[in-house]
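Each chain is listed here by its residues.
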Amino acid sequence: MLSQRTRYTIRALQHLADNYGQGPIRLVDIADAQNIPKKFLTVILSEFSRLGIVGTKRGPDGGYWLAVPPVDVRYGDIVRLTRGSLALVPCASRFDYKPCENCVTEEKCRLHRLMVMVRDETARILDTVTLADPIPLPESELAL
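This text gives an overview of the structure that appears in the document. Small disclaimer: the values here were computed from a predicted structure and weren't measured. Numbering of residues begins from 1 in every chain and follows the order in which that chain's sequence is written. With pLDDT at 70 or above as the cut-off, local features in this predicted model cover only qualifying residues; side-chain atom pairs require 80 or more to be listed or tallied, and sums for whole chains, interfaces and linings still use all residues. Side-chain numbers come from the whole structure's heavy atoms, not from hydrogens or water.

What about a nonpolar patch on the surface?
Phase 1 of the analysis: On the surface, Leu88, Leu111, Leu114, Met117 and Val118 cluster together into a nonpolar patch covering about 460 Å² of accessible area.
Phase 2 of the analysis: Counting from the N terminus, the helices are DSSP H or I runs at least four residues long and the strands are E runs at least two residues long. Tracing the backbone shows leucine 114 in helix H5 (residues 110–126). For patch detection, residues must exceed 30% relative accessible area and be free of salt bridges, and they are connected within 9 Å for like charges or within 5 Å for nonpolar side chains (Val, Leu, Ile, Met, Phe, Trp, Tyr). Calculation of accessible area relied on Shrake-Rupley with a 1.4 Å probe; when residues are assessed, cover is drawn exclusively from the protein chains displayed. Basic side-chain nitrogens of Lys or Arg form a salt bridge, by our definition, when they fall within 4 Å of a carboxyl oxygen of Asp or Glu.

A look at unusual backbone geometry
Apart from glycine, the bulk of residues carry a negative phi angle, and the bulk of peptide bonds sit in the trans form.
Phase 1 of the analysis: Unlike most non-glycine residues, asparagine 35 shows phi in positive territory, near 55°.
Phase 2 of the analysis: Residue position: asparagine 35 is located in the loop between helix H2 (27–34) and helix H3 (38–50).
Phase 3 of the analysis: Despite not being glycine, asparagine 102 shows a phi value in the positive range, around 55°.
Phase 4 of the analysis: By the secondary structure assignment, asparagine 102 is in the loop between helix H4 (75–83) and H5.

A few points about the pairing of strand S1 (residues 54–57)
Phase 1 of the analysis: A pair of strands counts as paired when DSSP detects no fewer than two bridges linking them. In this structure, S1 lies alongside strand S2 (residues 63–66), joined through 4 bridges in antiparallel fashion. Across the sheet, residue threonine 56 finds its bridge partner in S2, namely tyrosine 64.
Phase 2 of the analysis: Count of turn residues in the S1/S2 antiparallel hairpin: 5 residues, of which glycine 59 carries a positive phi of about 105°.

Remarks on the nonpolar core
As a rule of thumb, nonpolar side chains are buried together in soluble globular proteins.
Phase 1 of the analysis: Take the buried Ala, Val, Leu, Ile, Met, Phe, Trp, Tyr and Cys residues and link them wherever side-chain atoms come within 4.5 Å; each set so joined is a nonpolar core. Each residue's exposure class comes from its accessible area (1.4 Å probe, protein chains only) as a fraction of the maximum for that residue type: buried when under 20%, exposed when over 50%, partly exposed otherwise. Grouped together as the largest cluster of nonpolar side chains are 26 residues, with contacts concentrated most on Leu13, Leu16, Ile30, Leu41, Leu45, Val54 and Leu131.
Phase 2 of the analysis: For this core, the secondary-structure elements that each account for two or more residues are helix H1 (4–18), H2, H3, S2 and H4.
Phase 3 of the analysis: Residue contacts are defined here by distance: any two heavy atoms, one from each residue, within 4.5 Å place the two residues in contact. With near-sequence residues (within four places) excluded, valine 54 lies in contact with Leu13, Leu16, Leu45, Phe48, Ser49, Tyr64, Trp65 and Ala67.

Side note on the pattern of salt bridges
Phase 1 of the analysis: Enumeration over the complete set of coordinates arrives at 9 salt bridges.
Phase 2 of the analysis: With a closest N to O distance of 4.0 Å, arginine 80 and aspartate 77 form a salt bridge. Placement of both arginine 80 and aspartate 77 in helix H4 is noted, with a separation of 3 residues, approximately one turn of the helix.
Phase 3 of the analysis: Judged by relative accessible area, aspartate 77 falls into the partly exposed class, the value being 24%.

Remarks on the packing of aromatic side chains
Phase 1 of the analysis: To pair, rings of Phe, Tyr and Trp, with the six-membered ring standing in for Trp, must have centres within 6.5 Å; the planes then decide the type, stacked if under 30 degrees apart, edge-to-face if over 60, and tilted in the middle. Scanning all chains against the criterion turns up 1 aromatic pair.
Phase 2 of the analysis: Measuring from centroid to centroid gives 5.1 Å for tyrosine 8 and phenylalanine 40, while their planes differ by 80°, and the two rings are edge-to-face. Highlighted residues: tyrosine 8 in helix H1 and phenylalanine 40 in helix H3, separated in sequence by 32 residues.
Phase 3 of the analysis: Looking at phenylalanine 40, the relative accessible area reads 31%, which means it is partly exposed.

Thoughts on the packing of H1 against H2
Phase 1 of the analysis: Here an axis means a line fitted to C-alpha atoms, over the contact stretch when the element is a helix, while the angle between two N-to-C directions is reported on a 0 to 180 degree scale. It is the contact of H1 with H2, at a shortest axis distance of 10 Å, that shows an interaxial angle of 115°. As for how H1 packs across H2, the hand of that crossing is right-handed. In contact with Arg11, Ala12, His15 and Leu16 of H1, H2 contributes Asp29, Ile30, Ala33 and Gln34. Handedness of each helix crossing follows the sense of rotation of the near helix against the far helix: counterclockwise by less than a right angle gives left-handed, clockwise gives right-handed.

Pasting the structure below:
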């Protein structure tokens, strides 16, 4: 499950991507539009500013903007930067691997094999979709 921090980060970066090239956007405008607490948003945007993904300018004409083209920001990268891994269990993580506590060996664990498959499919999707891509409604929601 995605943490609240990851979801806030994605929504904030989507907002900046939707306004890419239009100059700085005030923190309060992002917070209000995306329903993100201002203090939380400040921390998120500061962190992504240090990473070079978000630009920032102080002062009355200041605000935040996406410092890289939206096509260069993949959802998989955002999740990894905020969560550390796409895997649902630590033994299935590619970059943050840890053996599970109180488990059988990975060779015997069918859950491990299943979670590696889930991780790989999740990565396949999240690493091909960028902030520039439109995201259509899934077929299951079109019928609603």
